[in-house]
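Fold and contact review
One-letter residues, chain by chain:
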Amino acid sequence: MGAAGRARNQCRNPGEGMRKAGSHGLCLWAVGCMLAVVWPAAGAAQAYRQAEAAAGDLLPEVRYLGAPLADPMAPRISVGLMRTTLLATQGPERDPFELADADGAADEYVAAVGVGAVLPLVQLAVWDGGGAILTVEGRVFARFRIELPRRDDMGQDWYVGGAVEAGWPRVAARLGVLHRSSHIGDEFADNTGASRIEFGGEQLDGMVAYDVPGVARLYGGGAWVFRSYLDWEPRLRALRVRDRALLQFGLDREWQPWSDPRFHAFAGADYYSAERTGWHPAFAAAAGVGVRTTRSLRLTVRAFDGMSHMGEFFLTPERYISLEVGARF
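Residues numbered from 1 in each chain as written. Predicted model: local features only at pLDDT ≥ 70, side-chain atom pairs only at ≥ 80, totals over all residues. Heavy atoms only, no water.

This paragraph deals with the sheet that holds strand β1 (residues 76–84). In space, the 12 strands of this closed barrel follow the order β1-β2-β3-β4-β5-β6-β7-β8-β9-β10-β11-β12, with antiparallel pairing throughout. Each neighbouring strand pair of the sheet contributes to a mean axis angle of 20 degrees, computed without reference to strand direction. Two elements, strand β9 (residues 263–274) and strand β10 (residues 282–292), share 10 bridges in a ladder whose sense is antiparallel. Bridge pairing in β10 places Ala 267 opposite Ala 287. (Pairing = 2+ DSSP bridges. Helix = DSSP H or I, 4+ residues; strand = E, 2+ residues; numbered from the N terminus. Axes fitted to C-alpha atoms, helices over the stretch in contact; angles between N-to-C directions.)

It is worth spelling out the packing of aromatic side chains at this point. Evaluated as defined, the whole model comprises 10 aromatic pairs. Judged by centre distance (5.4 Å) and plane angle (45 degrees), the rings of Phe 199 and Phe 314 are tilted. Linking Phe 199 in the loop between α4 (186–192) and β6 (200–212) with Phe 314 in the loop between β11 (296–307) and β12 (317–328), this pair joins segments that are 115 residues apart in sequence. Comparing Phe 199 with Phe 314, the two get one shared label, buried. An angle of 15 degrees between the planes, with centres 5.3 Å apart, marks the rings of Phe 304 and Tyr 320 as stacked. In this pair, Phe 304 sits in strand β11 while Tyr 320 sits in strand β12, placing the two residues 16 residues apart along the sequence. Taken together, the ring pairs in this structure connect Phe 97, Phe 188 and Phe 313 into an aromatic cluster. Over the ring of Phe 313 we find Arg 94; its NZ or CZ atom is 5.1 Å from the centre of that ring. In this arrangement the basic side chain of Arg 139 is found over the ring face of Tyr 159, its NZ or CZ atom lying 4.2 Å from the centre. (Phe/Tyr/Trp six-rings, centres within 6.5 Å; stacked < 30°, edge-to-face > 60°. Buried < 20%, exposed > 50% of the residue type's maximum accessible area, 1.4 Å probe, protein only. Lys NZ or Arg CZ within 6 Å of the ring centre and 35° of its normal.)

As a further point, take the pattern of salt bridges. In this structure the tally under the stated criterion is 22 salt bridges. Where Glu 312 meets Arg 94, a salt bridge forms, and the shortest distance between an N and an O atom there is 3.1 Å. One end of the pair, Glu 312, is in the loop between β11 and β12; the other, Arg 94, is in the loop between β1 and β2 (108–127), with 218 residues separating them in the sequence. Arg 94 shares its class with Glu 312; the two are buried. In this structure, Arg 150 and Asp 152 form a salt bridge, with 3.1 Å as the shortest nitrogen-oxygen distance. (Salt bridge = Lys/Arg side-chain N within 4 Å of Asp/Glu carboxyl O.)

In terms of nonpolar packing, the biggest core is built from 22 residues, with Leu 86, Leu 87, Phe 97, Met 154, Phe 188 and Phe 313 touching the most fellow members. For Phe 188, the residues in contact, after removing those within four places along its chain, are Leu 87, Phe 97, Leu 99, Arg 145, Asp 152, Asp 153, Met 154, Gly 193, Ala 194 and Phe 313. By size, the runner-up hydrophobic cluster in this structure holds 7 residues, among which are Leu 236, Val 241, Phe 314 and Leu 315. (Core = buried A, V, L, I, M, F, W, Y, C linked by side-chain atoms within 4.5 Å. Contact = heavy atoms within 4.5 Å.)

Next up on the list: the environment of Gly 201. Among the structural elements, Gly 201 can be located in strand β6. Gly 201 sits in the buried class, given a relative accessible area of 7%. Apart from the residues within four sequence positions on either side, Gly 201 is in contact with Leu 178, His 179, Arg 180, Arg 227, Ser 228 and Tyr 229.

What follows deals with unusual backbone geometry. The backbone of Arg 151 shows a phi angle near 55 degrees, a positive value even though the residue is not glycine. Summarising the element assignment, Arg 151 is placed in the loop between β3 (130–144) and β4 (153–167). Of note, Trp 279 is a non-glycine position whose phi angle comes to about 60 degrees, a positive value. With respect to the secondary-structure elements, Trp 279 resides in the loop between β9 and β10. In this structure Trp 279 comes out as partly exposed when scored by relative accessible area, which is 38%.

The next subject is the side chain of Glu 137. For Glu 137, the location among the structural elements is in strand β3. Within the structure, Glu 137 has its side chain in polar contact with the side chain of Arg 139 (distance 2.6 Å). Dropping the residues within four chain positions of it, Glu 137 is found in contact with Pro 75, Ala 117, Val 118, Tyr 159, Val 160, Gly 161 and Leu 178. (Polar contact = N/O pair within 3.5 Å; in protein donor to acceptor, adjacent residues only side chain to side chain.)

Have a look at this one:
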């Protein structure tokens, strides 16, 4: 058995892999865990409204449109264990690279870390049953190959933007500008020869949600990518990849099946499709339980099937299931 096979057998236990994670992975995990525990609580959809502020108030404690519960890239602070097929095949987005340490595996366990939140800045207006606020947001998602002795950082996806949210008794909407950039991990690139793709750009995106009382929140939206970095990649131009629009819709719900109001359950399903993948659909689902007092903590099971949401692998098919702990904003 080669070194790769021995390493894989030694780390077949995911818990052992996490215990041996490198310092860079441990730092992100620690930051995520601390923030998930100490950050103020947040609800879902129209339930985000905590206390209406007067127009012009700074840092209002109110949200009108929470991110979809099943969206894999929704703003949240989380740490999780993921079993993924991402490296089972290689997509056409880059030249082939070597995976000698994968030992021919169809899937592997990785650590998935997310750090991000939405901050309400200003209460723009207040009306009967709702209002409007200006928000800013930032988030980053990263993965680490914890089954390998090196614990390779596979890459990160960064988001920075701002938006206006508005809400009415059963309807909420958001319109904003978002910057996204993706970076392949240095260790992954050094050890496999995988080249970085200039993935990213700026987009104008919007979403509308309708709350069906006692049933679910229905949402739908999309984005116009007014500047895409993919236009700079000769290989992607040869593949005639266009990156101008995307669509997203789905449903989700939170409810309290227990007598203690601090505990709740939640579930959601999400559909996503983008021009850059030839409108190939991606499906995601999430369900879990949470506790909310002055702080929030959630345990979530996620499943995904479609072209990967990791920007550096955007033309690579992926299926995964994950278990994560964290807080959502």
